[in-house]
Amino acid sequence: MDLSRRRMRLYLEFLLFISLFQVLFIGPAVIAQTTNDGLRQRHSEGYCAMYDICGNRSDGKVLNCPYGSQAVKPDELLSSKIQSLCPTITGNVCCTEAQFATLRTQVQQAIPFLVGCPACLRNFLNLFCELSCSPNQSLFINVTSVAKVKNNLTVDGIDFYITDAFGEGLYESCKDVKFGTMNTRALEFIGSGAKNFKEWFAFIGRQAGLNLPGSPYAIQFQPTAPESSGMKPMNVSTYSCGDVSLGCSCGDCPSSPVCSNTAPPLSHKGATCSVRIGFLKAKCVDLSLAILYVVLVSMFFGWGLFHWTRKRSRSFRMKPFLSTADGGASHSISRQNAENLPMQRLEDANQSSTGVQLSFVQGYISNFYRKYGLWVARNPTLVLSLSVGMILLLCLGLIHFKVETRPEKLWVGPGSKAAEEKRFFDSHLAPFYRIQQLILATIPDALHDKSPSIVTEENIKLLFEIQKRIDGIRANYSGSMISFTDICMKPMGQDCATQSVIQYFKMDPSYDADDRLEHVKYCFQHYTSADSCMSAFKAPLDPSTVLGGFSGSNYSEASAFIVTYPVNNALDKEGNETQKAVAWEKAFIQLAKDELLPMVQSKNLTFSFSSESSIEEELKRESTADAITILVLLGLSGVLLVMLSVLGSVGFFSAIGVKSTLIIMEVIPFLVLAVGVDNMCILVHAVKRQPLDLPLEGRISNALVEVGPSITLASLSEVLAFAVGSFIPMPACRVFSMFAALAVLLDFLLQVTAFVSLIVFDFLRAEGRRVDCFPCIKVASTDAGSKKGVGGRKPGLLARYMKEVHAPILNIWGVKLLVVSAFVAFALASIALSTRTEPGLDQKIVLPRDSYLQGYFNNVSEYLRIGPPLYFVVKNYNYSSDSIDTSQLCSISQCNSDSLLNEIARASLTPESSYIAKPAASWLDDFLVWISPEAFGCCRKFTNGSYCPPDDQPPCCAANDSPCGLSAACKDCTTCFHHSDLHSGRPSAAQFKEKLPWFLNALPSADCSKGGHGAYTSSVELKGYENGVIQASSFRTYHTPLNKQIDYVNSLRAARQFTSRVSDSLKMEIFPYSVFYMFFEQYLDIWRTALINLTIAIGAVFIVCLVITCSLWSSAIILLVLAMIVVDLMGVMAILGIQLNAVSVVNLVMSVGIAVEFCVHITHAFSVSSGSKDERVKEALGTMGSSVFSGITLTKLVGVLVLCFSRTEVFVVYYFQMYLALVLLGFLHGLVFLPVVLSMFGPPSRCVQVEKQEGRPPVSTQP
């Protein structure tokens, strides 16, 4: 799209230059004669085939005479002029001074294209010098037809005999020469993209009609002459582009020996290690893990068999002794277990003979909860009032509630290197323009599954109608009406640089074209050379920027039109210029929805569209899209405390100025519901397990003592894991983690305060025989009710299943081996699968499912054939003649072979690894060519020293379409420099400083295509350049088409590696910049970020467990299970195709905290149970298994399942799918794998024998 920044109006006139280039190229015939009678041609040395001028065309171009006169000796002045341009022409010549002046005037159009490669330029000039002025012209030129113009005969056709060796040498020296301004080969402009010298010659010799580019007569290039004619082909020596004396740069001559010795660019892609086994090809990591699994399973089964055999033998020998000695104790323990007495309470029971030896921290927490439980039970109203009041105080911060929807503020960290580079680029050069885009595409044929071509007459008319609607948009901004022309990008200061197929018609529906379809197809092939195909903004329009869905260069097969509207951007995002653009963009989107969409669809075409502000506007709409879902389901759930904790968290951060995000608004309520309600269920179950003979405050106190430490451990682990997520650099995820951590903390505090108070009130209601939900209504007392009371139920069905069915099955030795083998297998498989997880975050997922941008992003991936612009930015370029910076940057002759631009050109030869599509457009190369004495039509000055434009620009030429001749206004203009004024062809610091502004303000034209205005206006920062240092400059190229998220990540990585290598080599500060870099920078080290944060989170949970339990054994088992859950979750991500990004990293980190609940309660119950390990597992599952399943698993499922109703794919993929997988994995590990591990490798019991205490008073029942 940067092609629009170039005014190339008369590149196409190069073909007209061909017709004037040689004075023998004659205008249209009035009377054509196909015989040579009367021409009296003589084909011998020293004779001409054409000499002097015999007329003019109707457009003013001169016509030569077909007379075979003898070559003439020129005067000394003319001879020196001819020698300066044609050093191979000596002695007599076949051209007059007027003919040579015409030759010199026209040749200057080609020089700017080729002057960067002296060998190519020399060969090219030799071709036309020999053709125009050679003294032996008649030996290789034969006039085959003539025409009469004003009674004078003029040449109408010739045969040009030239050897294939010369043609091959000419083409080989020029085929790779770049025209930097357009990021393409020079042959695209002066040879119509010729693939060999024969095609180039055919292009030059093609006959064209009046006022059309090309030769006005047929030129037949022949390799051999008839033997009887006495003629012989022209065979002047050619120069190789690798010639030392006329050497070209590596970018213009990759085959040069100097360049071939340069190391190729390093690929960022490392070789993938793989092993082939028969017909199977496996990755090395997969094979290694498979071998490791076989070894581990073999060792484990061997150990298991040995242990089982040894245990069975010992059991057989000790059975009689165990039956008599331990029967009483076992009976006592089982009887106590049957009564469901909590182990902590055994310390207080006078009849108990065993107790629990708690760690110091656990003992302190238990004592705290014992006293706290008594106090809450006695003061429920005060506790409830204080806790709710504190939360409501935090909610006052909601008055400052704001939602952040700007993408750069959501997904880019403040310390981002790419963000810093973007700020530098925007402030020193120019902000990248705003893009509005339409994509029209044909519908694939159902039978052949191939889309038909969209290039039809009817569809071109449709584009004109769409453009008419776009031009009619008027957006209201502060009372003024804004149109597209008010905000569009105008590189030449007049016309908008709209990228559309109708630019081939000058954006004019009344453009005179006999056949629009044929005209468009013609322009697809000749867009660089045909004046009729030039855009309205005076620059060539590359078809690949306005067409899509084609292969190679088969533009006519394109199945999509791509219309792009570049709009000026501004640094101040809140300023008037930006707000004007945003106002217009909103009107543009509304027009596309209301009018353009149905209009295009009625033509049986698909239609997608986007504006620069579309993503931000869709995020704003998304933030309220699921509000009804949130409110209704939370209201139905009745979990008021969860809502209060979320509101308190949002209120607190809003008060301190932290903006909320859509993730917070939609996910945190359900997430807190999932991680918070389970603790409430565990508390209720614990209270119900207490014996009814205790008073209510005793039951509350004992329940808190029983489950308080494990709830505290689980909650602190969750808060810590969420808090670790705040170290993620992506703002949206960091803010989400902060909000979630505080919400979970507040929810835990409300659980042990307000919820415990509500439990007290509920039990008082039940004991007062009041109806639930209607406490004012009492019911009659019954004996059964008074005896049984609240909480006096027998163990439920789930508890009995866990103790009597689930636990016995897991205690079977064979089942244990299978369980461990299966879980280890899945863990190792998950490690292998996780290596296939790609980094990235598909932007389609972030948007609502019904967003119009969904179709747009699909079409961008499918149809675009050119990638995003890529800029290589150079800081502090020292342009003084004493510095070597110029040679280290440029790519023309005398530049270093390893210069920046040569390295870019070399990297573009391997686009599959470098992701660089083409060589860079170089303002420096074009500037050095522009001031070169060879480009005598470019840098010129008046006698007073001021800038003189080329002869085809005002004031040298009238500002209209009339032909330009020699103007009196510019007849005294001279070139800026002679060769003697430059040092080795390079300007001094003073000359550079003086002429650089001239170059950047010079308009390109046919006489000098190297003018920098438009193409390079924003490529160089002139602020402070007078000191000899240019603080910032850029060189533009393009990435290859990027269709996947991994392509964007790899392209950024490749560009960073490239510039790092070149910067180190050149000792210059260079960085790459593209508009998408700051959004994808995080993925360069996303694996490192993920592993570090997971390590910190798991390590933090391990430390918390170790501090509270003071058991390295228990903490290590919890650590193992947590690590396996996280690894398995990463494997599920690979299976589901979930990408690794900041959102999924936060989820993985938080899964550590959530998974703790599945482990810590079972582990704690196991550690405070007595008996053998199998018995303790059975007791732990009987006591806490049902709570883990119903209070944790089911409640989390309810909270997570709600997210599947979200209208936004990001919540379905990254929250519903990931958290559903987490809940299922946590359930399986907590209730299947963990019990098996504990039964085999569990820590010793904390139960110890204690002496009977007679005088210990019972728990008081008084308030």
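Residues numbered from 1 in each chain as written. Predicted model: local features only at pLDDT ≥ 70, side-chain atom pairs only at ≥ 80, totals over all residues. Heavy atoms only, no water.

As annotated in an unreviewed UniProt entry, the chain is Niemann-Pick C1 protein-like isoform X2 from Durio zibethinus. According to the UniProt record, the Sequence similarities (unreviewed entry) comment for the chain reads "Belongs to the patched family." Quoted straight from UniProt, the Catalytic activity (unreviewed entry) entry for the chain says "cholesterol(in) = cholesterol(out)". (UniProt positions renumbered as here; feature names shortened; annotations may be inferred.)

Engineer: Account for the overall build of the chain, naming residues and giving values.
Structural biologist: Regarding its fold elements, the chain presents 42 helices and 26 strands. When burial is assessed residue by residue, the chain has 57% of its 1263 residues classed as buried. Restricting to contacts in the chain with at least 6 residues of sequence separation, those with at least 24 account for 77%. As displayed, the chain has an accessible area near 51,800 Å², and 58% of this comes from carbon and sulfur atoms. (Helix = DSSP H or I, 4+ residues; strand = E, 2+ residues; numbered from the N terminus. Buried < 20%, exposed > 50% of the residue type's maximum accessible area, 1.4 Å probe, protein only. Contact = heavy atoms within 4.5 Å. Areas by Shrake-Rupley, 256 points an atom, 1.4 Å probe, with all protein chains shown as cover.)

Engineer: Outline the pattern of salt bridges, listing residues and values.
Structural biologist: Following the criterion strictly, the structure yields 21 salt bridges and no others. Ionic pairing is found between Glu188 and Arg185, a salt bridge with its closest N-O pair at 3.9 Å. On the basis of relative accessible area, Arg185 is assigned to the partly exposed category, the value being 23%. One salt bridge in this structure joins Lys875 and Glu1069, with 3.3 Å as the shortest N-O distance. (Salt bridge = Lys/Arg side-chain N within 4 Å of Asp/Glu carboxyl O.)

Engineer: Hey, could you go over the sheet that holds strand 24 (residues 1029-1038) for me, with residue numbers and the actual values?
Structural biologist: Across the sheet, which stays open at both edges, the 3 strands sit in the order 24-20-25 with antiparallel pairing between neighbours. Among the strands making up the open sheet, the edge pair consists of strand 24 and strand 25 (1069-1073). Averaged over neighbouring strand pairs, the angle between their axes works out to 20 degrees when direction is ignored. Bridge count between strand 20 (residues 869-878) and strand 25: 5 bridges; the pairing is antiparallel. Within strand 25, the residue paired with Lys875 across the bridge is Glu1069. Sheet strands touched by helix 15 (residues 417-428): strand 20, strand 24 and strand 25. Its angle to strand 25, the strand with the most contacts, is close to 95 degrees. (Pairing = 2+ DSSP bridges. Axes fitted to C-alpha atoms, helices over the stretch in contact; angles between N-to-C directions.)

Engineer: Describe in detail the packing of helix 38 (residues 1086-1109) against helix 39 (residues 1112-1136), supporting the description with residues and values.
Structural biologist: Contact geometry for helix 38 and helix 39: axes closest at 9 Å, N-to-C directions at 155 degrees. Considering the angle they form, helix 38 stands roughly antiparallel to helix 39. For the element pair helix 38 and helix 39, the recorded crossing hand is right-handed. Along the contact surface, helix 38 presents Trp1087, Leu1094, Ile1098, Val1101, Phe1102, Cys1105, Leu1106 and Thr1109, while helix 39 presents Leu1112, Ser1115, Ala1116, Ile1118, Leu1119, Leu1122, Ala1123, Val1126 and Met1130. Looking at the contact of helix 38 with helix 39 residue by residue, the classes come out as 15 nonpolar, 2 polar and no charged. (Parallel < 35°, antiparallel > 145°, perpendicular 65-115°, else oblique. Left-handed = near helix turned anticlockwise from the far one by under 90°. Nonpolar A, V, L, I, M, F, W, Y, C, P; charged D, E, K, R; others polar.)

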